[in-house]
There are 4 protein chains.
Amino acid sequence: MTGNVLSNRFVLVSFGESHGKCVGCVVDGCPAGLLLSEKDIQRELDRRRPGQSELTTSRKEIDQVEILSGVFESYTTGAPICMIVWNKDIDSSKYKHVKDEPRPGHADYTAAIRYGSFNDHLGGGRFSGRITTSYVMGGAIAKKILREVLKVEILAHTTEIGGIKAEGKSLDEVREAENNPVRCADQEAAKQMITRINEVQAEKDSLGGAIQCIALNVPAGLGDPVFNTLEGDLSKALYAIPAVKSVEFGSGVDAARMTGSQHNDPFALREGKVVTLSNYAGGILGGISNGMPITCRVTIKPTASIGKPQQTVDLRNMKETTIEVEGRHDPCIVPRAVPVVEAMLAMVILDHAISANLIPRVLERKT
Amino acid sequence: MTGNVLSNRFVLVSFGESHGKCVGCVVDGCPAGLLLSEKDIQRELDRRRPGQSELTTSRKEIDQVEILSGVFESYTTGAPICMIVWNKDIDSSKYKHVKDEPRPGHADYTAAIRYGSFNDHLGGGRFSGRITTSYVMGGAIAKKILREVLKVEILAHTTEIGGIKAEGKSLDEVREAENNPVRCADQEAAKQMITRINEVQAEKDSLGGAIQCIALNVPAGLGDPVFNTLEGDLSKALYAIPAVKSVEFGSGVDAARMTGSQHNDPFALREGKVVTLSNYAGGILGGISNGMPITCRVTIKPTASIGKPQQTVDLRNMKETTIEVEGRHDPCIVPRAVPVVEAMLAMVILDHAISANLIPRVLERKT
Amino acid sequence: MTGNVLSNRFVLVSFGESHGKCVGCVVDGCPAGLLLSEKDIQRELDRRRPGQSELTTSRKEIDQVEILSGVFESYTTGAPICMIVWNKDIDSSKYKHVKDEPRPGHADYTAAIRYGSFNDHLGGGRFSGRITTSYVMGGAIAKKILREVLKVEILAHTTEIGGIKAEGKSLDEVREAENNPVRCADQEAAKQMITRINEVQAEKDSLGGAIQCIALNVPAGLGDPVFNTLEGDLSKALYAIPAVKSVEFGSGVDAARMTGSQHNDPFALREGKVVTLSNYAGGILGGISNGMPITCRVTIKPTASIGKPQQTVDLRNMKETTIEVEGRHDPCIVPRAVPVVEAMLAMVILDHAISANLIPRVLERKT
Amino acid sequence: MTGNVLSNRFVLVSFGESHGKCVGCVVDGCPAGLLLSEKDIQRELDRRRPGQSELTTSRKEIDQVEILSGVFESYTTGAPICMIVWNKDIDSSKYKHVKDEPRPGHADYTAAIRYGSFNDHLGGGRFSGRITTSYVMGGAIAKKILREVLKVEILAHTTEIGGIKAEGKSLDEVREAENNPVRCADQEAAKQMITRINEVQAEKDSLGGAIQCIALNVPAGLGDPVFNTLEGDLSKALYAIPAVKSVEFGSGVDAARMTGSQHNDPFALREGKVVTLSNYAGGILGGISNGMPITCRVTIKPTASIGKPQQTVDLRNMKETTIEVEGRHDPCIVPRAVPVVEAMLAMVILDHAISANLIPRVLERKT
C-alpha cells in the first residue's frame, strides 16, 4: 500500500500541504449510524491548533473543519468521509533557501532525494507538523466510536520536557493535564517546563520531551500475532508523528534492568475479573490486549527549526555554509502533539476492534 | 491483511508451532536470479538456535532448514520460497497446567481470550520465541539480496543485560561481538553479563537487556511518508519479536533531554558526499533514510518463564493460586534475539528498496 | 483494505455522493515530476459528463475539477493528489420513495441491508454512475503517465447496443469512434444504435450494450501470478463500474467453442520482435502481458432506472407494490461508460508498471 | 501485496511447482475451533486430481494432503494452516525445448520475460494447472466454514464443452453432475461432450468450455463498494485459474441484448422474505449480495498443450520454427476445473462474510 494510507479496516488517507490550499483526509471503513457533526471534529482540532498559548507558533489558524462526504442527515452513512481544513494564514516568504540549504534535523534533504526538485517545501509541505491535522480529524471519529460502543477512554499527557520529569499522577490528575499549556498532570513540573521553554526560546533554541498515552477499558483479545501485534500497529502509527524518536510499552526501556520476577505482572482476581497486580506489560501480552490499561510512551525530539546558526550544505554549489532558520515555529512541540498521540491510538485500537467483530457495521440509531 | 503476513513487496508469511511438526515460512516477492542454497539460510539459523552456549535453553534443536519451493537449479525463480525447520526435540510434559493457570508475563491468558480453548499452548505454540526461526529464514534471504545488490551490511549486538551496559564501541569491535556468548562488543561488559546471567539463573530468575542494530550503506531516499515511514515499518516488524518493550531510533529516549541545537545533526561534505556530523537522527529524517547508518535500539524484557513461585489465577476454578514454571528456558533471551533483530531490519529495508525501484525483478546471473 | 481504495501502488481513493457536496478522489502513489493541470483532468471528465448529447440525462453538470493537493508549481510532487468536482445541479425531489420501495435492478435494497437506514439514497448516493467521475479523474493521471513514460495508448469504444453489433474496425476507425454520440467505430451501426435508443426511451425503457477496450504498447512482463494476474486486477477494477455484467479477455466467451489449434496464437518474428499472429489471448498469457495489444470487453446491463411500471416491495409495510421510477436517467449508459472503462485500464496497467520498476519515482522535468 | 497472496481476511498463500518437491499453501485468518482433518481436504483434492477418468492426463498423482500446522487436537487453532501435497509422479523429460521454443497459448514466453532464464519451466512450473491444487486446499476449508456457520452451499458444473451446450437443469440435477466424467448436469449433453473430447484427442487437439457456479444461502449484505464489490473480488479470484477467458454474473454477456424492463428483477415477497422473481442480477446488486443465489459463469479456453504441429519462435537463434508439444495433458480441462471454481467462490465469499462480522473468531466447539 502507498504511504498516505493508514490501517486496513478503519482507514485514514491523509492529503494536503502546509502552505497549499488545505490539509485533509478521507476516513474509509467508518460504520454507518454514528451521529457526527463538525463540532465533534472541531473539539479535537482545537486542542492541536496553533495559538492556544504563547508557547506555540504565531501562525494564526482557526483550523475549521468542513465535512465533504459520508455524513447524511447528521449520521455517518458507511461511505468514505472526506474532511478538509482550509489553510488561511500562509506566509511562505521564509522558505526560499530551504531547497538549496537543507535545515539540519529536517526532512528537507531526504525529501529532495525522495521527491526530487518537485517537493513542495513551503512550510515543510507534507513534512510539516501541520499534516497531523489530518490525523486528529480521523482520530476524533475513532475516539467517538470507541467511547460510544466500547466505553474506551484515551488519555495522553506530557511527562517530560527538556529534562524536567513529571511525577507519576493519578488518572484524575491526568484528566486535568489539559488545564495547563504544557498538558502536564504534575502542575508543579508544568510550571518549570513553561519556564524552561521560555528560556530556550529566548536563546533561539528548542526542547524535546515525552508523552505518555493510556487507553482504558480496551477489551482483552485485540491484536493479530505474529506481525499485526497491537504494539506493532500502534508503534507504526505513532512513528507517523513527525519528531517521534522512541515508542515504549509498559516498562519500556526500564525492562532492560529488571528481572523476570520483578517484571512479570502477577495475575489476580478482582470482583470476579482477571487482572494483573502491576502493569509492566502495558496492557499487552503476546501482542494481544489483556484488558488492563494500555500504556505507551513516545519521545519527541526538540523542534528542528531553530534560529541559532547551524552548519549545513549549499546543495547547488556543493559547499558548506551556515543558516539561521526563520519562520514561525513552536519552541517545543510536545504539548500540541498530545492530541495527535491520542488520535493515533484511537485509530489503531478501533481498527483492531473492527477486526475482532466488536464494532457493528451499522450502529444503533441514537436520537 | 491477516496477522501472519509481513510487509507488501518482500513478504514473509510465518507458520508453525513450537511443539508442532515444524516452524516454517513462505517468502513471496523475492527477485529471480539469487543464488540461494540451504547453507545461506542455515548460517543465520545457527546463530539463533538453542544450545550455542550454556546460557541457552537445553532444548536440543539443530534447526536444519529445508527449502521446499522457489529455488530451481540453485537460483531463486521469483516464485514463493517455502522453507521449513522440522521440530525434533519436543518435550510437552511441562505444559499441562498452562491452559488453566496462565504464566505471568506470558501470552497464555491473552491467547485463551483471542483463540479460545483451541490455542496450541504446548511450548508456547505460536507465542514461543521458537517462531522467530521463521523470521530468521526470511531475513537470511533479505540480507543476502541487500548485501549483493546494494552492499548493505546489517549488524546487531547486545548493549545491555541486567543493568550492565556496554561501552560504545567501534564498528570493528561490533563485528567481533559474535565471539562471546552474549554477543556484546564490549568484551569486559560481556564477562560481567555472563556472570550476572549465571547468578539469576541460579535464583530461578531471568534478565532483560537491550540490543542495538546498525544498517550500513542504506541508500538515501527509502521510506514512504506519512505513514509508511522507515521507522514505522521497522518498529512494527521489531515488535513482532516476543519480549520487545521499546523501539528507539538514533537518540531515542535521550531526545527528551536535548535541545534542538544539540540534537540537529549538522550537514557537511565529506569526499563530495553530503553527510551529517552526528547521527542523532539514526539515519532517518522525515521517515526517509538520509544515507547515514540507520541505528535503532530495542529493549528485551526478562524471560517470562521463571522457576520462582509466582501468583496467578486458576481459570477453571476462578481462584488465585501459585505456580512455578517448568520447562526449558533461556535465563536471558537477549543474545539469541540478536540475529532476529537483524532479520527484521533486513526484510523491512529490502521491502523499501524494492518499492524504490532499487532491486531488479530479475538479478544478473552470478556464476 | 476497505472498499473505497483501489490498487496498491497507484492508489485511487473515491469519495463523495451523487447529491452531496461533491464527488472526489485522492490519488496516492503518483510519481513526482508529472506536468499536471486541471485541463488534463477536465478533458477526460468532459467525455464522461452528462449533456454531451440528447441521449444522456438532462442533469446539467459541467463537472469542473479542482485540484486541492499534490501539485506544486505545475508539477506533481509525489504527495497525494486530492481532486474534487463540486455538485451543482442537484434535484432530490424524486427520491422520496426509494428507501421504502427499492427500484428493481438497483442497489436500493442491498444498500439498505449493508448500511441500514443511514444510506444516502439521494440520486443513488454512492451507487450512482456519477461516482465514476472519481475514477475518470484518477484515470486521467494514469493515462498521462502511461502515455508519456511508456507510450501506452488506451482506447475504448462501443461494440454493441441493444442487440446491434458493430463490425470489427481498424484502429484508426476506433480512434474516430469518439465522433458519434454512441462512441461506436462502425458509423453505420452507430446510427442504428441511436435510433434504437430513441425508440426505447420513448417506451420509458432502457438498453444495455458492450464496450471493447484496447491497450497498445503495454510492455511484456506486467502481471504478478498467481493471484495478481493482469486479467484479475483489470476485471476487479472493471467490476467497480456500476452495471458491468461480464469481463472478457481476447477470445472471451467464444473460447468455449474453439479448439486448441484454433485458439493458440502462433508465435512469429516481425522486425526482429516476437509477436503472435492472432490475439485470442488478448495480450495476456499466464496472467502476464505478452507485448501484444491487451483487448478486453465488458457488458453493460440496461439502465435500471426506467419509467415503465415495475413490481417491487414496500419494505415499510411489507407488501408488494408497483413503481414508476422518476428522475433524470440515461436510456443507455454505454457511451458514457467508455471513458470510465479506459480509466480503469489505465490505473491498473500503471499500477503493474510501477510494480515492474518501469515508472521512476521522480520523472524527468519537462518544460 | 505480492502475487501469491489472495484476499485480506481469509488469506491463501500459494507455493510450490509442478515438478518441484510439492505444491502447498498457507491459509491465514481461519477462525479457531473448526473441526478439521486431512479427510476434509482430501475429499476436494480427489475431485481435482488427475486420473479420475480416461479423459484426464495420465500423470498419476494421488495428491495426498499433509497438514503441517494450525491444527491441534483435531481443531483449527486460529494459527496459519500450512498444507502440502508432495509431488510423486514427475516426468520432466518432455520439457527440454520449452525454454527456447515457447509453446503457443502457454506462459512460457511471458514467464521468460517476467522471471528471466531462472523460471522453473518443468511441467509448466508455477503456470501449471497443478498449482490449483493449492486453491482447492484453501477452498476446502472455506467451504466447510461456510457450510457449518452460514449453511452456504457452493455448486459448480460444466455447461458447455466444444460448442455442446447443456440444457438448463434443476438444482438437484446440478448436484448430480458430479456423476459423469465431464461434470455436466445434462446427462445427454454429457455423452456428446465425452464423444467430442475423444474425437479431438485423437486429432491431438483440445477443447474449451464453460462452467457455471452457484452459491446458495449467501446472506444479503456481503460486498464493500465501490471497489471491493463481490463481483470484483470473485472475478479476480476466478482469473487466477489458468485458462479462464471470461467471468460473467447473472445475465452476463446477454445483458447487452436486453431492455431494462426485461433485465430488472422484480422484487416480491415469498414467505415474508424479500426475493426477486428472476435473477439476471446473479444475486448481486450494487456489488452487494441480495440474498438470491449468486450465479456466475467462467469460460475456459482449450488446453494450450496440443500434439498438433504449431508455429513458434526459437528464442535462442531468433528464428521461426515448428513444435509438437509432448507431455501428459488433459484434452479438455473443464471438468477438473469445476472444483477449482468452487474453491475460489468459497474463499472470496468467506472473506466477505468475515468482513461482515458473520464469522466468529472462535467457533463453538463441536464434538
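Everything numeric here is computed off the predicted structure, so don't read it as measured data.

**A closer look at the overall build of chain A**
1) Next: Each helix and strand in chain A was counted, giving 8 helices and 18 strands.
2) Next: A compact globule built from 367 residues would reach a C-alpha radius of gyration of about 21 Å, and chain A, at 21 Å, matches this within 12%.
3) Next: Along the three orthogonal principal directions, the C-alpha set of chain A runs to about 70 × 55 × 40 Å.
4) Next: Looking at the 367 residues of chain A, the share that counts as buried comes to 67%.
5) Next: Considering only contacts in chain A between residues 6 or more positions apart, those separated by 24 or more positions represent 71%.

**Some points on the pairing of strand β8 (residues 153-161) of chain D**
Residue and element names in this part refer to chain D.
1) Next: Where burial is concerned, most of β8 is hidden: 8 out of the 9 residues are buried.
2) Next: Pairing analysis gives 8 bridges linking β8 to strand β10 (residues 209-216), with the strands arranged antiparallel. The residue of β10 that forms the bridge with H157 is Q212.
3) Next: The hairpin formed by β8 and strand β9 (residues 164-165) contains 2 residues between the paired strands, and G162 there has a positive phi angle of roughly 55°.

**A word on helix α1 (residues 38-48) of chain D**
Residue and element names in this part refer to chain D.
1) Next: What α1 keeps buried is the set I41, E44, L45 and R48. All buried residues of α1 lie within an arc of 105° about the axis, which places them on one face of the element.
2) Next: Where α1 is buried, its residues touch β4 (65-67), β7 (81-86), α3 (132-150) and α8 (334-355).

**Digging into the relation of the copies chain A and chain B**
1) Next: Each copy of the sequence occupies a distinct position, and chain A is placed on chain B by a rotation of 180° and an axial shift of 0.0 Å, giving an RMSD of 0.0 Å. Accordingly, the operation relating the two chain copies is best matched by a two-fold axis.
2) Next: When the interface residues of chain A are mapped onto chain B, 100% of them again lie at the interface, so the same face is used by both copies.

**As for the interface of chain D and chain B**
1) Next: At the junction of the two partners, chain D supplies 39 residues and chain B supplies 39 residues.
2) Next: Every element with two or more residues in the side of chain D that touches chain B is listed here: β2 (11-16), β3 (22-28) and β6 (75-76) of chain D.
3) Next: The element that contributes the greatest number of residues to the side of chain D that touches chain B is β2(D), accounting for 5 residues.
4) Next: Broken down by class, the residue content of the side of chain D that touches chain B amounts to 17 nonpolar, 16 polar and 6 charged.

**Overview of the interface of chain A and chain B**
1) Next: Facing the 87 residues of chain A at the interface are 87 residues of chain B.
2) Next: Those elements that provide at least two residues to the side of chain A that touches chain B are β1 (5-6), α2 (108-115), β10 (209-216), α6 (230-238), β11 (244-249), α7 (260-263), β12 (267-270) and β17 (310-314) of chain A.
3) Next: Split into classes, the residues belonging to the side of chain A that touches chain B amount to 39 nonpolar, 33 polar and 15 charged.
4) Next: The pairing of β11(A) with strand β11 (residues 244-249) of chain B spans 3 bridges and is antiparallel. Counterpart to E248(A) in the pairing with β11(B) is S246(B).

**Remarks on the relation of the copies chain D and chain B**
1) Next: Structural alignment of chain D on chain B gives an RMSD of 0.0 Å, achieved by rotating through 180° and translating 0.0 Å along the axis.
2) Next: Most of the interface of chain D is mirrored in chain B: 100% of its interface residues are interface residues there too.

**Focus on the sheet that holds strand β7 (residues 81-86) of chain C**
All names here are of chain C.
1) Next: Taken together, the 5 strands give an open sheet; going across it, the order is β1-β2-β3-β7-β4, and neighbouring strands pair in antiparallel fashion. Of all the strands in the sheet, the pair left with one neighbour each is β1 (5-6) and β4 (65-67).
2) Next: Relative to strand β2 (residues 11-16), β1 runs antiparallel, the two being bridged by 2 bridges. When the bridges of β2 are listed, V5 appears paired with V13.
3) Next: Along the sheet, helix α1 (residues 38-48) contacts β4 and β7; its crossing angle with β4, the most-contacted strand, is approximately 150°.

**Looking at unusual backbone geometry**
1) Next: V226(B) follows P225(B) through a cis peptide bond whose omega is 5°.
2) Next: Despite not being glycine, K204(D) shows a phi value in the positive range, around 55°.
3) Next: Relative to the assigned elements, K204(D) resides in the loop between α5 (187-202) and β10.

**Observations concerning the pairing of strand β16 (residues 294-300) of chain D**
All names here are of chain D.
1) Next: Most of β16 is tucked away: 7 of the 7 residues are buried.
2) Next: Residues I294, C296, V298 and I300 line one face of β16 and the alternating positions T295, R297 and T299 line the opposite face, and both faces are buried.
3) Next: Both strand β11 (residues 244-249) and β16 contribute to a ladder of 5 bridges, which runs antiparallel. By the bridge assignment, V247 is partnered in β16 with V298.

**A look at the packing of helix α3 (residues 132-150) of chain C against helix α8 (residues 334-355) of chain C**
Residues and elements named next belong to chain C.
1) Next: The geometry of α3 relative to α8 is characterised by a closest axis approach of 7 Å and an angle of 55° between their N-to-C directions. Judged by the inter-axis angle, α3 sits oblique to α8. In terms of crossing hand, the pair formed by α3 and α8 is left-handed. Contacts from T132, Y135, V136, G138, G139, A142, K143, I145, L146 and L150 of α3 reach α8 at P339, V340, E342, A343, M344, A346, M347, I349, L350 and A353.

**As for the environment of G16(C)**
1) Next: Position of G16(C) among the secondary structure elements: in strand β2.
2) Next: With 28 C-beta atoms packed within 10 Å, G16(C) lands in the buried category.
3) Next: Setting aside its immediate chain neighbours within four residues, G16(C) contacts S69(A), C22(C), V23(C), G24(C), I131(C) and S134(C).

**Let's talk about the sheet that holds β3(D)**
Within a sheet, each strand pairs with its neighbour through backbone hydrogen bonds, oriented either parallel or antiparallel.
Residues and elements named next belong to chain D.
1) Next: Pairing in this open sheet of 5 strands is antiparallel, and the strands run β1-β2-β3-β7-β4 from one edge to the other. The open sheet has two edge strands with one neighbour each: β1 (5-6) and β4.
2) Next: When β3 meets β7, the two strands line up antiparallel, connected through 6 bridges. Residue V26 lies in a different strand from β7, and its bridge partner there is C82.
3) Next: Each of β4 and β7 touches α1; the most contacted strand, β4, lies at about 150° to it.

Quick notes on the rules
Residues numbered from 1 in each chain as written. Chains lettered and ligands numbered in written order. Predicted model: local features only at pLDDT ≥ 70, side-chain atom pairs only at ≥ 80, totals over all residues. Helix = DSSP H or I, 4+ residues; strand = E, 2+ residues; numbered from the N terminus. Rg over C-alpha atoms; globule rule 2.2 N^0.38 Å. Buried ≥ 20, exposed ≤ 12 C-beta atoms within 10 Å, placed from the backbone. Contact = placed C-beta atoms within 7 Å. Pairing = 2+ DSSP bridges. Arc of directions from axis to C-beta. Least-squares fit on C-alpha atoms with pLDDT ≥ 70 in both. Nonpolar A, V, L, I, M, F, W, Y, C, P; charged D, E, K, R; others polar. Axes fitted to C-alpha atoms, helices over the stretch in contact; angles between N-to-C directions. Parallel < 35°, antiparallel > 145°, perpendicular 65-115°, else oblique. Left-handed = near helix turned anticlockwise from the far one by under 90°.

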